[in-house]
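Architecture and fold: a report
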Amino acid sequence: MSDVPAEHTADVIVVGAGPAGSTTAYHLARTGLDVLLLEKTAFPREKVCGDGLTPRAVKELIAMGIDISEEAGWLRNKGLRIIAGGNRLQMDWPELATFPEYGLVRKRDDFDDQLARQAVKAGARLYERCNVGAPVIDGRTGRITGVEARLGEEKRPVTFHAPLVVAADGNSTRLSLGMGLHRREDRPMGVAVRTYFTSPRHDDDYLESWLELWDRRGSEPRLLPGYGWIFGMGDGTCNVGLGVLNTTGAFKELDWREVLKAWCASMPEDWGYTPENMTGPIRGAALPMAFNRQPHYTRGLLLVGDAGGMVNPFNGEGIAYAMESGRIAAEVVVQAHGRAAARREIALQRYPKVLKDAYGGYYTLGRAFVKLIGNPKVMKIATERGLTHPLLMKFTLKMLANLTDPTGGDAMDRVINGLSRIAPKA
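Read on for a plain summary of the structure. (Residues numbered from 1 in each chain as written. Predicted model: local features only at pLDDT ≥ 70, side-chain atom pairs only at ≥ 80, totals over all residues. Heavy atoms only, no water.)

**What to know about the packing of aromatic side chains**
Basically, it comes down to this: Stacked, tilted and edge-to-face are the three classes assigned to paired rings of Phe, Tyr and Trp, where Trp is represented by its six-membered ring and a pair needs centres within 6.5 Å; plane angles under 30 degrees give stacked, over 60 edge-to-face, the rest tilted. Cation placement over rings: the criterion is NZ of Lys or CZ of Arg within 6 Å of the ring centroid and within 35° of the ring normal.
This model, assessed by the stated rule, comprises 16 aromatic pairs. Judged by centre distance (6.1 Å) and plane angle (45 degrees), the rings of Tyr227 and Trp229 are tilted. One aromatic cluster in this structure is built from Phe291, Phe314, Tyr321, Tyr359, Tyr362, Tyr363 and Phe369. One residue, Lys59, lies across the ring of Phe99, its end atom 5.1 Å from the ring centre.

**Digging into the nonpolar core**
Which entries qualify depends on this criterion: Only buried Ala, Val, Leu, Ile, Met, Phe, Trp, Tyr and Cys residues count toward a nonpolar core, and they belong to the same one when joined by side-chain atoms within 4.5 Å. Here's how the labels work: a residue is buried when its accessible area is under 20% of the maximum for its type, exposed when over 50%, partly exposed in between, all with a 1.4 Å probe on protein chains only. Each helix is a run of H or I in the DSSP string that is no shorter than four residues. Each strand is a run of E no shorter than two, and both are numbered from the N terminus.
In this structure, Val14, Leu61 and Tyr351 are the most contacted members of the largest nonpolar core, which totals 88 residues. At 11 residues, the largest contribution of residues to this core is made by helix H7 (residues 319-337). Counting 23 residues, the second largest nonpolar core, distinct from the first, contains Leu38, Ile144, Val165 and Leu175.

**Let's talk about the sheet that holds strand E4 (residues 75-77)**
What links the strands of a sheet is backbone hydrogen bonding, and the strands pair in either a parallel or an antiparallel sense. Counted only if it meets this: Between any two strands, pairing holds if DSSP finds at least two bridges.
On the basis of which strands lie adjacent, the open sheet formed by 3 strands has the order E3-E7-E4 and antiparallel pairing. Of all the strands in the sheet, just strand E3 (52-53) and E4 have a single pairing partner and so form its edges. In this structure, E3 lies alongside strand E7 (residues 103-105), joined through 2 bridges in antiparallel fashion. If you follow Leu53 over to E7, its bridge partner there is Leu104.

**Things to note about helix H12 (residues 411-422)**
Heads up, the rule is: Residue count minus one, scaled by 1.5 Å, sets the expected span of a helix. For this analysis, residues touch if any pair of their heavy atoms sits within 4.5 Å. Under this definition, polar contacts are N or O atom pairs within 3.5 Å; protein pairs additionally need one hydrogen-donor-capable and one acceptor-capable atom, and for neighbouring residues in sequence, both atoms have to be side-chain atoms.
Helix length check: H12 (12 residues) gives 17 Å between terminal C-alpha atoms against 16 Å at 1.5 Å per residue, within 8%. Elements that come into contact with the buried residues of H12 comprise helix H9 (350-373) and helix H11 (390-401). A side-chain oxygen of the first residue of H12 lies 3.1 Å from the backbone nitrogen of Met412; this N-cap is Asp410.

**Focus on the pattern of salt bridges**
Opposite charge on two side chains permits them to pair, given that their charged atoms come into close proximity. Which entries qualify depends on this criterion: Salt bridge, as applied in this entry: a Lys or Arg side-chain nitrogen positioned within 4 Å of an Asp or Glu carboxyl oxygen.
Tallied over the full model, the rule gives 32 salt bridges. A salt bridge links Glu128 to Arg117, with the shortest nitrogen-to-oxygen separation between them at 3.2 Å. Placement of Glu128 in the loop between strand E8 (125-127) and strand E9 (130-137) and of Arg117 in helix H3 (residues 108-122) is noted, with a sequence separation of 11 residues between them. Residue Glu128 is classed as partly exposed on the basis of its relative accessible area, which comes to 25%. Across the pair Asp138 and Arg140 runs a salt bridge, and its minimum N-O distance is 3.7 Å. Judged by relative accessible area, Arg140 falls into the exposed class, the value being 72%.

**Considerations on a nonpolar patch on the surface**
This is how the line gets drawn: Note that patches include only residues with greater than 30% relative accessible area and no salt bridge, and the join distances are 9 Å for like charges and 5 Å for nonpolar side chains (Val, Leu, Ile, Met, Phe, Trp, Tyr). Here, Shrake-Rupley sampling with a 1.4 Å probe gives the accessible areas, and only protein chains in the shown set may cover a residue.
A cluster of nonpolar residues, Val415, Leu419 and Ile422, forms a patch on the protein surface that exposes about 270 Å² of accessible area. Position of Ile422 relative to the elements: it lies in helix H12.

**Comments concerning the sheet that holds E8**
Operational definition: Orientation is described by axes fitted as lines to C-alpha atoms, over the contacting stretch for helices, and by angles from 0 to 180 degrees between their N-to-C directions.
Overall, mixed pairing links the 6 strands, which are arranged E8-E2-E1-E12-E21-E20 in an open sheet. The sheet is open, and its two borders are formed by E8 and strand E20 (297-298), each paired with just one other strand. Inspection of the sheet shows strand E1 (residues 12-15) paired to strand E2 (residues 35-38) by 4 bridges, in the parallel sense. Bridging from a neighbouring strand, Val15 pairs with Leu38 of E2. Packing of helix H1 (residues 19-29) onto the sheet brings it into contact with E1, E2 and strand E12 (164-167), and relative to E2 it is tilted by some 165 degrees.

**Considering the pairing of strand E6 (residues 87-92)**
In the case of a regular strand, side chains alternate between the two sheet surfaces. Bridge count for strand E5 (residues 79-84) against E6 is 6 bridges, and the pairing is antiparallel. Within E6, the residue paired with Ile82 across the bridge is Leu89. The turn linking E5 back onto E6 is made up of 2 residues, and Gly85 within it adopts a positive phi angle of 55 degrees.

**Looking at the packing of H7 against H9**
Note the cut-off: An angle below 35 degrees is read as roughly parallel, one above 145 as roughly antiparallel, one from 65 to 115 as roughly perpendicular, and any other as oblique. Crossings are assigned a handedness: left-handed for a near helix turned anticlockwise from the far helix by less than a right angle, right-handed for a clockwise turn. All amino acids are sorted into three groups, where Ala, Val, Leu, Ile, Met, Phe, Trp, Tyr, Cys and Pro are nonpolar, Asp, Glu, Lys and Arg are charged, and the leftover types, Gly among them, are polar.
Interhelical geometry of H7 versus H9 gives an angle of 150 degrees and a closest axis separation of 9 Å. It follows from the interaxial angle that H7 and H9 lie roughly antiparallel. Both H7 and H9 take part in a crossing whose hand is right-handed. Where H7 approaches H9, its residues Tyr321, Glu324, Ser325, Ile328, Ala329 and Val332 are matched on the opposing element by Arg350, Tyr351, Val354, Leu355, Tyr359, Tyr362 and Tyr363. Residues that form the contact of H7 with H9 fall into these classes: 10 nonpolar, 1 polar and 2 charged.

**With respect to H1**
The element H1 is largely enclosed, with a buried count of 11 among its 11 residues. Within the sequence span of H1, burial applies to Pro19, Ala20, Gly21, Ser22, Thr23, Thr24, Ala25, Tyr26, His27, Leu28 and Ala29. Looking at the packing, one finds that the buried side of H1 touches E1, E2, helix H2 (55-63), H3, E12 and H7.

**Concerning the side chain of His27**
Mapped onto the elements of the fold, His27 is located in helix H1. Take His27: its relative accessible area is 9%, and that puts it in the buried class. Excluding its chain neighbours within four sequence positions, the residues that come into contact with His27 are Ala63, Met64, Arg327 and Ala330.

**Looking at unusual backbone geometry**
A cis amide bond, omega -5 degrees, links Phe43 with the succeeding residue Pro44. By the secondary structure assignment, Pro44 is in the loop between E2 and E3. Across the junction of Gln294 and Pro295, the peptide omega takes the value -5 degrees, indicating a cis bond. On the secondary structure map, Pro295 appears in the loop between strand E19 (283-288) and E20. The phi angle at Asp51 is positive, at roughly 70 degrees, despite the residue not being glycine. Here Asp51 is to be found in the loop between E2 and E3. Asp51 sits in the buried class, given a relative accessible area of 1%. For Thr173, which is not glycine, the phi dihedral falls at a positive 25 degrees.

As structure tokens, this is what we get:
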């Protein structure tokens, strides 16, 4: 590699500058490691997302030193409003020692840009318009030693080299596929579709979730396996969307953009969710859940965020787990780098175990939950009866949002943590 330009080599290559990749790059770079952060598009760029951040994600932003003040353009939210079965329940985020008591809202084009710039401030070298293709694999060891890419408007072929590569390239994760890591079909998948409307509800300080998603376009209304959301953006618009699970035949047979249009048409007219108030197209994206691609480390490649199927099956939240897995991956890599070369592999092989200890049992519970809510009868009973019991719903909020104190918490925390501990960490 003596003839490789120095700017094309690093200690670690991170492919993808979304929340997972930028967080990984930030935590690696701040320890002094030389990090290349490769992003196929240019910032700012749009991503399909609800734009709502729970306290889990807020904690990671604080850890990165991001200015999350209202003056910096962040809109705070107090909690979650749940609507279902003719009931409406508004719950504040729990007060915990581990997580802040507020969430945030920020559009993804600007959000991702801020995280990438923070990684650059920490010392990462960002290449935009860098479309990564195949991994470079050592034929002798089978390890990844870099990536092939096309750089800039002219798509100039470039090879980048590093002893470790982090795949943060999303659900499609061409890099993982190039290393022979395929999606597990036994794990739930979801789809998110969303758009923006100008609306008088733009400054709502609660995230709103509609747990009953009815398709009323046919002769008989159908309860679908998913939920709707309305998040005020604080800028005159609302993010309105659907999160849908692949638990029934309806997942493939329905046009979810049309379902979203019909759902919006059922809303009160003065909310403004009408075609003339739509400020952009309806866009969709996959939600890879519950560790649907494994192993999370193999032969010099670590998977973070959507590339490793980190989306929470309980609520479709991806950003918090993208950022957390990025931080965890960085911690493992830094510790491995501090060892003699011959002993680094032992440290790197800890990464999948750390992830499974953190999320494995909880995601197993989430997979069972997904199967339950895929049954319309179960969902109907749960929404009609559950929302009339505020204590039960407080427990449900903690469970769905994965917001508990690991030690010293209340009885609800102990129950949720206990269930997560005893559930198989698959």
